[in-house]
Amino acid sequence: MKNLVILISGRGSNMEAIVRACAHEAWPARIAAVIANRPDAAGLAFAASHGIATAVVDHRQYPDRAAFDAALAQTIDGYAPDLVVLAGFMRVLTEGFVTHYSGRMLNIHPSLLPSFPGLKTHQQALDAGCRVHGATVHFVTPTLDHGPIVAQSGIPVRAGDDAAALAARVLKTEHVIYPRAVRWFVEGRLALDGGRVTLSPPEPQWLFLDDVNEAQAHNAGEGA
Ligand code: NHR
Ligand code: GAR
């Protein structure tokens, strides 16, 4: 049984997708805690209502990033995690913190890395005239949004899309690839080799949500 600790900053829909998949697919894992850096993070209520321990480490209560990260690590380590999952977590983490969780911390970033690290990724993709956009699950390394890639999802960019439309379409794919990637970790199927990830036994580490798939989902009554 592996212990997972999930860090959120807001809505927590990726956390929710992971909690549901863990329960429905009976992973050999438990969500030991959901921790937020904001007391008003909406996802905390979902976690609490599912009987999951919650905690808040408010970054505004600490003089600097190092002090915040030390307090956060102490709270996380109280739950003895095998894996730390960043799910819409919005604070950049110090090198010391990241090193402590080396090889056992995942993030989902809303772009096709290595394009568009950082913030406002959907607007960045529009401004660059991208025709394909997406999301990336990666191991967290000290360099922001640069860690080894575990899974990626793609979506088409359509005429008339704005950042909100792209964010919504990408988010649907995040809810598929992130639980899948966390499950691979839980099952002990991920190995790190020279900055690259191998999955064994292999299966596709990508998802493309194109018009055909969306039409099929819609016809099946699952469309938004
Ligand atoms: N920390 C390290 N060291 N490495 C990574 O790869 C990290 C990380 C911390 C968070 C998530 C990341 C994303 O997926 C993540 C990956 C926040 C910012 C940011 O600039 C950037 C990237 C990510 C998360 N945050 C501002 C800050 O000053 C605050 C923004 C806000 O509060 O809204 O920390 O995109
Ligand atoms: C997701 O799209 C995630 O990829 C992104 O924020 C959203 C969080 O949604 N993450 C970042 O931008 C990290 N900087 P959620 O709280 O509903 O999971």
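Remember, predicted model here, so these are calculated numbers, not experimental data.

Visitor: What is the right way to look at the pairing of strand 1 (residues 2-8) in this model?
Guide: Side-chain positions along a regular strand alternate between the two faces of the sheet. Most of strand 1 sits out of view: six of its seven residues are buried. Relative to strand 2 (residues 29-36), strand 1 runs parallel, the two being bridged by seven bridges. Residue Lys-2 lies in a different strand from strand 2, and its bridge partner there is Ala-29. On the question of chirality, the crossover connecting strand 1 to the parallel strand 2 by way of helix 1 (residues 13-24) is right-handed. When strand 1 meets strand 4 (residues 83-86), the two strands line up parallel, connected through four bridges. Paired with Val-5 across the two strands is Val-84, which belongs to strand 4.

Visitor: Can you walk me through the pattern of salt bridges in this structure?
Guide: Working definition: two side chains of opposite charge can pair if their charged atoms are close together. Evaluation of the coordinates by the stated rule reveals seven salt bridges. Put simply, Glu-187 and Arg-189 hold a salt bridge, and the shortest N to O gap is 3.1 Å. Between Glu-203 and Arg-189 there is a salt bridge whose closest N-O contact spans 3.0 Å. Pair noted here: Glu-203 is in the loop between strand 9 (196-199) and strand 10 (206-208) and Arg-189 is in the loop between helix 6 (163-186) and strand 8 (190-193), with a separation of 14 residues, a long-range link.

Visitor: What is the right way to read the packing of aromatic side chains from this model?
Guide: We describe a pair of aromatic rings using the distance from one ring centre to the other and the angle between the two ring planes. Per the counting criterion, the structure on display carries three aromatic pairs. Considering the side-chain rings of Phe-139 and Phe-185, the 6.4 Å spacing of their centres and the 55 degrees angle between planes classify their relative orientation as tilted. Within this pair, whereas Phe-139 is found in strand 6 (residues 132-139), its partner Phe-185 is found in helix 6, the two being separated by 46 residues in sequence.

Visitor: Mind showing me how you'd approach the UniProt feature "site: Raises pKa of active site His" (unreviewed entry) in the protein here?
Guide: UniProt tags Asp-145 as "site: Raises pKa of active site His" (unreviewed entry). Counting through the fold element by element, Asp-145 comes out in the loop between strand 6 and strand 7 (149-156). With relative accessibility at 10%, the residue Asp-145 sits in the buried group. Apart from the residues within four sequence positions on either side, Asp-145 is in contact with Asn-107, His-109, Leu-113, Pro-117, Gly-118 and His-138.

Visitor: Would you mind going over the UniProt feature "active site" (unreviewed entry) in the protein with me for this structure?
Guide: According to UniProt, the positions carrying the feature "active site" (unreviewed entry) are His-109. Counting through the fold element by element, His-109 comes out in strand 5 (residues 105-109).

Visitor: Explain the site of ligand 1 to me, please; I cannot follow it from the model alone.
Guide: Around ligand 1, a shell composed of 20 residues is seen, among which Arg-65, Met-90, Asn-107, His-109 and Asp-145 lie nearest. The backbone of Met-90 places a nitrogen or oxygen atom 2.9 Å from a nitrogen atom of ligand 1. Within the backbone of Thr-141, one N or O atom sits 2.9 Å away from a nitrogen atom of ligand 1. Taken by itself ligand 1 offers 720 Å² of open surface, and the protein chains cover 84% of this. The leading source of residues in the shell around ligand 1 is strand 5, at three residues. Within the shell around ligand 1, the residues separate by chemical class into ten nonpolar, six polar and four charged.

Reading the values: rules and limits
- Residues numbered from 1 in each chain as written.
- Chains lettered and ligands numbered in written order.
- Predicted model: local features only at pLDDT ≥ 70, side-chain atom pairs only at ≥ 80, totals over all residues.
- Heavy atoms only, no water.
- Buried < 20%, exposed > 50% of the residue type's maximum accessible area, 1.4 Å probe, protein only.
- Helix = DSSP H or I, 4+ residues; strand = E, 2+ residues; numbered from the N terminus.
- Pairing = 2+ DSSP bridges.
- Right-handed = clockwise from strand over helix to strand, strands pointing away.
- Salt bridge = Lys/Arg side-chain N within 4 Å of Asp/Glu carboxyl O.
- Phe/Tyr/Trp six-rings, centres within 6.5 Å; stacked < 30°, edge-to-face > 60°.
- UniProt positions renumbered as here; feature names shortened; annotations may be inferred.
- Contact = heavy atoms within 4.5 Å.
- Near = heavy atom within 4 Å.
- Polar contact = N/O pair within 3.5 Å; in protein donor to acceptor, adjacent residues only side chain to side chain.
- Areas by Shrake-Rupley, 256 points an atom, 1.4 Å probe, with all protein chains shown as cover.
- Nonpolar A, V, L, I, M, F, W, Y, C, P; charged D, E, K, R; others polar.

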